[in-house]
Amino acid sequence: MNKLNEFLAEAISFTEWPMFVLLIGGGLFLVIYSRFLPYRYFKHALDITKGKYDDKHAQGDVSSLQALSAAVAATVGLGNISGVAIAIHDGGPGVVFWIWVTAIIGMCIKFYSCSLSIMFRGRDSDGNLQGGPMFYITQGLGAKAKPLAVFFSVAGLFGFLGVFTANQFTETFMSVVMPNETIAALGDFNWKLGIGFSLAIISSFVIFGGLKNIAKVATAIVPFMVMVYLLAVIGVMITNAGQILPSLKLILVEAWNVKTAVTGGFWGLIILGVRRAMFSNEAGLGSAPMYHGQSKNDEPIREGLVAMLGPFIDTILVCTFTAVVLILSGAYLQEGSGIVMTLNAFNAALGSWGGVLLMVIVSAFAISTLFTYSYYGVKSLSYLTNAKIGKWYNVYFVVMIVFAAVASLDLVKNLIDLSYALMVIPNMIAVLLLAPKVNKEAKIYFQKLRSEHG
């Protein structure tokens, strides 16, 4: 495992710059190129999500709200609770500012990529309607771009594993329940293995049921979970109200701290923020277009506007609340990274039941994330082979849950960081090249909207 970890850490350093240039440089280009369109129509995006413009005759499998819930289920998860903690642990409070910047740019990237997922839909070997980067790469850019689509799908076979979630869920369970002391002294490794197997079995039930099951479960659990988590966090903030503004000030001041503790100095800090934001809201990654491509919606721009809300809910709201709690509780100064840091913050602020509450929230987040991720991997493998073979991804996915439960946080983090960086590269190249088509479509859509609604 150590050898594998060293190899992954080495490989990541080669992907950092291409990822940064495409995600931030490309994202800023899209913000200016769209003339700030996604932000100007924020209210319209909320109206669409409420179902005001639903078309009963549109083709697709799930409603826009279900697609958003499923995409948010995949993104609002442990990336927000422990991903932010890892970022602050590795880069100090200032990293949060760069997470915000990436999220705001990410809203624009999501608008473009998810609009494309409806514009260029394909059918798999079973004849089912599909959307996602592999389809807009090959249909939008033509057959010559197929290697990009293949590259994306191969990286997706690793990037879409639920390893981070399984690992962090196991850490939480071990820290809160302390099973060796409270249940039976079986040793850490055996307990972790047992948790891995349990998670794998629970996930199997929903995963092997297919997309409609995933969408139903996600739409039921996610809004409720996000509310519970936000209420818990707001509770912590109310009990420490005097610390909120100093915490936010610390984030802003430290964001420009050139002598930062991060290796790689100031640039290292920014890259860390970009990487964690991408991990949290997946903008530019190409995963959300796979869900939104299944929406019952024939209006690409409408779907793009719904999708854009993802990074806002996920990063600007949920991540910020987590960050403030980590800073005002002082947990970021203690030992421990990832979920352990968030646990310390909850225990410090809410007493012993804080950890139990976080355990419940993390369980729900973990399970919903595992359900949604397997679906992305199935699509990647189906594209590389066919829909029948694609379903076998689930078996590999479930086995890897067990592996992740016993692996180190560093190994899991590096595997996902590398896979994500490799997925961003082909996806962002395609989104940037196809952006003019989205702008053209947007012009038609808003003209039509004005004529219909004055």
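Cut-off values and rules
Residues numbered from 1 in each chain as written. Predicted model: local features only at pLDDT ≥ 70, side-chain atom pairs only at ≥ 80, totals over all residues. Heavy atoms only, no water. Helix = DSSP H or I, 4+ residues; strand = E, 2+ residues; numbered from the N terminus. Buried < 20%, exposed > 50% of the residue type's maximum accessible area, 1.4 Å probe, protein only. Contact = heavy atoms within 4.5 Å. Areas by Shrake-Rupley, 256 points an atom, 1.4 Å probe, with all protein chains shown as cover. Lys, Arg positive; Asp, Glu negative; His and termini not counted. Charge placed at Lys NZ, Arg CZ, Asp CG, Glu CD. Axes fitted to C-alpha atoms, helices over the stretch in contact; angles between N-to-C directions. Parallel < 35°, antiparallel > 145°, perpendicular 65-115°, else oblique. Disulfide = S-S within 2.5 Å. Phe/Tyr/Trp six-rings, centres within 6.5 Å; stacked < 30°, edge-to-face > 60°. Patch = residues over 30% accessible without salt bridge, like charges linked within 9 Å, V, L, I, M, F, W, Y side chains within 5 Å. Salt bridge = Lys/Arg side-chain N within 4 Å of Asp/Glu carboxyl O. Expected span 1.5 Å × (residues − 1).

**Description of the overall build of the chain**
Along the backbone of the chain there are 21 helices and two strands. Overall, the chain is about 60 × 50 × 40 Å in size when its C-alpha atoms are taken along their principal axes. Counting every position in the chain, which comprises 454 residues, the buried fraction comes to 60%. Of the contacts made within the chain by residues no fewer than 6 positions apart, 84% connect residues no fewer than 24 positions apart. About 17,800 Å² of surface is accessible on the chain, with carbon and sulfur atoms providing 67% of the total. Taking the average location of the 30 positive side-chain charges in the chain and that of its 24 negative ones, the two points are 10 Å from each other.

**Focus on the packing of helix α6 (residues 95-119) against helix α13 (residues 244-254)**
Put simply, α6 and α13 touch, their axes get as near as 6 Å, and they point 80° apart. If you check the angle between α6 and α13, you find them roughly perpendicular. Counting all contacts with α6, which are made through Val96, Phe97 and Trp100, the residues of α13 involved are Leu248, Ile251 and Leu252.

**Overview of the state of the cysteines**
A covalent bond between the sulfur atoms of two cysteines is referred to as a disulfide. Scanning the entire structure with this criterion turns up zero disulfides. Residue cysteine 108 stays outside any disulfide, its sulfur separated by 12 Å from that of cysteine 114, the closest cysteine. When its relative accessible area of 0% is taken as the criterion, cysteine 108 is described as buried. Cysteine 319 carries a free sulfur, and the closest cysteine sulfur to it, the one in cysteine 114, is 18 Å from it. Cysteine 319 sits in the buried class, given a relative accessible area of 2%.

**Thoughts on the packing of aromatic side chains**
Each aromatic ring pair is specified by the distance between its two centres and by the angle formed by the two planes. For the structure on display, the rule yields 22 aromatic pairs. Aromatic side chains tyrosine 41 and phenylalanine 446 sit 3.9 Å apart centroid to centroid with 20° between the ring planes, which places their arrangement in the stacked category. A residue pair is termed long-range when its members are at least 10 positions apart, and tyrosine 41 in the loop between α2 (37-40) and α3 (42-49) and phenylalanine 446 in helix α21 (residues 409-453) qualify at 405 residues. Through successive ring pairs, a cluster of aromatic residues spans Phe160, Tyr291, Tyr373, Tyr375 and Tyr376.

**Brief notes about a positive patch on the surface**
On the surface, a cluster of positive charge is contributed by Arg35, Arg40, Lys443 and Arg450. Checked against the element boundaries, lysine 443 lands in helix α21.

**Points about helix α8 (residues 146-159)**
Because an α-helix packs 3.6 residues into every turn, residues spaced three or four apart end up facing the same way. Over its 14 residues, α8 extends 20 Å from the first C-alpha to the last, a length consistent with the 20 Å expected when each residue adds 1.5 Å. Those residues of α8 not exposed but buried are Ala149, Phe152, Ser153, Ala155, Gly156, Leu157 and Gly159. Structurally, α8 contributes buried residues whose contacts are with α7 (133-141), α15 (288-292), α18 (352-384), α20 (393-406) and α21.

**Looking at the environment of asparagine 427**
Mapped onto the elements, asparagine 427 comes out in helix α21. Along the chain, asparagine 427 and asparagine 167 lie 260 residues apart, while their C-alpha atoms are 27 Å from each other. Once you skip the residues sitting within four places of it in the chain, asparagine 427 turns out to touch Pro133, Tyr136, Phe152, Gly284, Leu285 and Gly286.

**Looking at helix α5 (residues 78-91)**
Its 14 residues place the ends of α5 18 Å apart at the C-alpha level, agreeing with the 20 Å of an ideal helix rising 1.5 Å per residue. Taking burial as the measure, the 14 residues of α5 include twelve buried ones, the bulk of the element. Leu78, Gly79, Asn80, Ile81, Ser82, Gly83, Val84, Ala85, Ile86, Ala87, Ile88 and Gly91 are the residues of α5 that are buried. Of the residues one or two after α5, glycine 92 is the one with positive phi, at around 80°.

**Regarding the pattern of salt bridges**
Under the defined criterion, the tally for this structure stands at twelve salt bridges. Its salt-bridge partner being arginine 275, residue glutamate 16 comes within 2.3 Å of it at the nearest N-O pair. A residue pair is termed long-range when its members are at least 10 positions apart, and glutamate 16 in helix α1 (residues 2-33) and arginine 275 in helix α14 (residues 265-281) qualify at 259 residues. The salt bridge involving lysine 413 is made with aspartate 410; its shortest N-O contact spans 3.7 Å.

**As for unusual backbone geometry**
For phenylalanine 36, which is not glycine, the phi torsion reads 60° and is therefore positive. The class for phenylalanine 36 is partly exposed, based on a relative accessible area of 45%. Within the chain, methionine 178 stands out as a residue other than glycine whose phi angle is a positive 45°. Note that methionine 178 resides in the loop between α9 (163-177) and α10 (179-182).

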